[in-house]
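Letter by letter, the chains look like this.
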Amino acid sequence: MNCSGCSPIYPIEDQGTLYLRPVSPVLLEALRTLGVHVEHSEEAIWMAYSSSDSVLNWLKEIQELEKTLAESITVQVTPIHETAAPTGWISSQMLESRFKHADLVSIILNNQFSSHMQPIVDAREQIIGFEFLLRPADNGVPFSPYDLFEVARDTGLHSFLDRTARITAIETSAAFLPHGVKRFVNFLPSSIYNPEYCLTHTFEAIERLALDPKDFVFEVVETEQIQHMSILQHIFSVYRSRGMSVALDDVGAGYSTIELMNRLEPDFVKIDRSLIDQCDTDQVKQQQIIDIVEMSRRFGGRVLAEGIERMEEFDFCRSIGIELAQGYYFGKPSAQPPQGPYRQTSA
C-alpha cells in the first residue's frame, strides 16, 4: 500500500494514456481485438484514448479475462504527454470507479472542500474547542461527505482525501482560533499504514503554522474498519509522542467500541449520539452511559456527549459527571466560529 501523494495523481480527462501491467500475450491479444493501437515494452502496455467511454470499455474487457489474470493487472492513467510513474498503479476496478465518479474524484483531487467547525462546550456551556467537519467549498459543487469518502475508498484515494482533509482542518483552525482552544480533527486509521511517514504532512502543517500540538485532538472514525489493534495503538503512540491527544468516536454504538475504548484508553471518549438521544427519559441508555463514564475514569479519559439537542439531555449528562458536550443545542457546524472569548483548557 502507498500513501497517496507518493506519486502524481492526475485528474480524469477525456484525453490521455492508459498504462497496464504486467505484459502478457493474452492481454495484448485481448486489447488488439478491440481495434486500438497498442504499444508495449517489457514492463508495460499502453494506449492513447480520446474519451472516457473508450477507457471504460477497455476496462470491462480486461475484467472479463480469466479471473487470475484479470486480478493481477494494475493500471495507471496519465495526461497524454506524460509517462507512467514507478508508483501509483491501481486495480482496474479502482480506475473504472474513478471514471464513473469523475465529478467526486475532481472534488477530491482539487481540494474543493472546506472545514466547518462545530463547538464543544464544558459543563458551564463555555466553548473549549471545535470539531472540524468536511463540507463543500463555498460556491462549490455540493456533495455528501459520506459519499465523498466512499468514492475515495472505492477509487484508492481515501488516504489522499484523509490527509488533505486533516491539513485543511489544521489550516482553518490557524485562521480562526486562538492558542489554547482544542481542535478535534478526524482521521481514518485505514489510511495510515506507517504513522511516522503518513502523518509527516500533518505534523509539518502544525509546525509551519506555529500552532501548539497540545491544542490538537486526533479523533478515530470508521472504528468498524479496525482489524489490527496494534496498528491503531501505534498511531495513538505517534500522535501522543508529538504532544497531541487522541479521541475515540461513537463509543457505545456497539460492543466493539466499548472493547476498543478499554484497550486503547483514549484521552477523550465521545459517546455516540444514539445513546445520548432522549437519554433523560430512557433508563437503559442512562445505565449504559454511566457504565462508559465509570470505565473512562479508570484510565483518566475525559467523556464527551455527542448529539445534544435538548437541555434535558445535557442536564442528565452533567448530573453523572460528563465534562464535555457537543450537538445542535450548542451550535451547528459553521464555516466561521462564533466570536470568543473561549475558555482555554490545559487538558
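Residues numbered from 1 in each chain as written. Predicted model: local features only at pLDDT ≥ 70, side-chain atom pairs only at ≥ 80, totals over all residues. Heavy atoms only, no water.

(A) Structural context of unusual backbone geometry. Pro 22 follows Arg 21 through a cis peptide bond whose omega is 0°. For Pro 22, the position within the fold is in the loop between β1 (16-21) and α1 (25-32). In this structure, Asn 111 takes a positive phi of about 55° despite not being glycine. For Asn 111, the position within the fold is in the loop between α5 (102-109) and β6 (113-122). Residues other than glycine seldom take positive phi values, yet Asn 139 does so here, at roughly 60°. Looking at where Asn 139 falls in the secondary structure, it is placed in the loop between β7 (127-136) and α6 (145-154). (Helix = DSSP H or I, 4+ residues; strand = E, 2+ residues; numbered from the N terminus.)

(B) Looking closely at helix α13 (residues 283-299). Helix length check: α13 (17 residues) gives 25 Å between terminal C-alpha atoms against 24 Å at 1.5 Å per residue, within 8%. All buried positions along α13 are accounted for by Lys 285, Gln 286, Ile 289, Ile 292, Val 293, Met 295, Ser 296 and Phe 299. Backbone nitrogen of Val 284 and a side-chain oxygen of the N-cap are separated by 3.0 Å at the start of α13; the cap is Asp 282. (Expected span 1.5 Å × (residues − 1). Buried < 20%, exposed > 50% of the residue type's maximum accessible area, 1.4 Å probe, protein only. Polar contact = N/O pair within 3.5 Å; in protein donor to acceptor, adjacent residues only side chain to side chain.)

(C) Just the sheet that holds strand β3 (residues 45-49), in detail. Across the sheet, 5 strands lie side by side as β2-β3-β1-β4-β5; this open sheet has antiparallel pairing. The open sheet has two free edges, formed respectively by β2 (39-40) and β5 (90-91), since each of these has just one partner strand. α1 rests against β1, β2 and β3 of the sheet, and its axis sits at about 20° to β3. (Pairing = 2+ DSSP bridges. Contact = heavy atoms within 4.5 Å. Axes fitted to C-alpha atoms, helices over the stretch in contact; angles between N-to-C directions.)

(D) Region of the structure containing the pairing of strand β10 (residues 245-251). Along β10, 6 of the 7 residues are buried, which leaves the element largely enclosed by surrounding structure. In this sheet, β10 lies alongside strand β9 (residues 216-220) in parallel orientation, the contact comprising 4 bridges. Directly across from Phe 218, in β10, lies its bridge partner Val 246.

(E) Representation of the sheet that holds β9 within the structure. Taken in spatial order, the 8 strands of this closed barrel run β6-β7-β8-β9-β10-β11-β12-β13, and their pairing is mixed. Neighbour-to-neighbour, the strand axes of this sheet turn through a mean angle of 30°, independent of strand direction. Relative to strand β13 (residues 324-326), β6 is paired through 3 bridges, and the arrangement is antiparallel. Along β13, the bridge assignment pairs Ile 120 with Gln 326.

(F) How the structure looks around the side chain of Ser 191. By the secondary structure assignment, Ser 191 is in the loop between β8 (182-187) and α8 (195-198). Among the polar contacts made by the side chain of Ser 191, one reaches the side chain of Asp 162 at a distance of 2.6 Å. Dropping the residues within four chain positions of it, Ser 191 is found in contact with His 158, Ser 159, Asp 162, Arg 166 and Cys 198.

(G) The environment of Pro 142, seen in detail. Here Pro 142 lies in the loop between β7 and α6. According to the relative accessible area criterion, Pro 142 is exposed, its value standing at 67%. Remark: the alpha-carbon pair of Pro 142 and Arg 153, spanning 11 residues in sequence, is separated by 19 Å.

(H) Looking closely at the packing of α6 against helix α7 (residues 158-176). Where α6 meets α7, the axes come as close as 7 Å, and the angle between the chain directions of the two elements is 135°. As summarised for this structure, α6 and α7 are arranged oblique, according to the angle between their axes. Residue-level contacts link Leu 148, Phe 149, Ala 152 and Arg 153 of α6 to His 158, Leu 161 and Asp 162 of α7. (Parallel < 35°, antiparallel > 145°, perpendicular 65-115°, else oblique.)

(I) Main features of the nonpolar core. Residues Phe 187, Tyr 239, Ile 289, Ile 292 and Ile 322 are the most contacted members of the largest nonpolar core, which totals 57 residues. Among the elements that take part in this core, helix α10 (residues 229-241) stands out by supplying 6 residues, more than any other. Leaving out residues up to four positions away in the same chain, Ile 289 has contacts with Ile 271, Leu 275, Ile 276, Cys 279, Phe 316, Ile 320 and Ile 322. In this structure, Leu 20, Leu 27, Ile 45 and Leu 69 belong to the second largest nonpolar core, which totals 23 residues. (Core = buried A, V, L, I, M, F, W, Y, C linked by side-chain atoms within 4.5 Å.)

(J) Focus on the packing of aromatic side chains. With the rule as written, the count across this model stands at 9 aromatic pairs. Both rings, one in Tyr 49 and one in Phe 99, keep their centres 6.1 Å apart while their planes meet at 75°; by these two values the pair is edge-to-face. Of this pair, Tyr 49 sits in strand β3 while Phe 99 sits in helix α4 (residues 92-100), and the two are 50 residues apart along the sequence. On the accessibility criterion, Phe 99 (7% relative accessible area) is buried. Between the aromatic rings of Phe 216 and Phe 218, the centroid separation amounts to 6.0 Å while the plane-to-plane angle is 15°, which identifies the pairing as stacked. Among the residues examined, Phe 218 registers a relative accessible area of 0% and is labelled buried. Counting every residue linked through ring pairs, the aromatic cluster contains Phe 187, Phe 203, Phe 216, Phe 218 and Tyr 239. (Phe/Tyr/Trp six-rings, centres within 6.5 Å; stacked < 30°, edge-to-face > 60°.)

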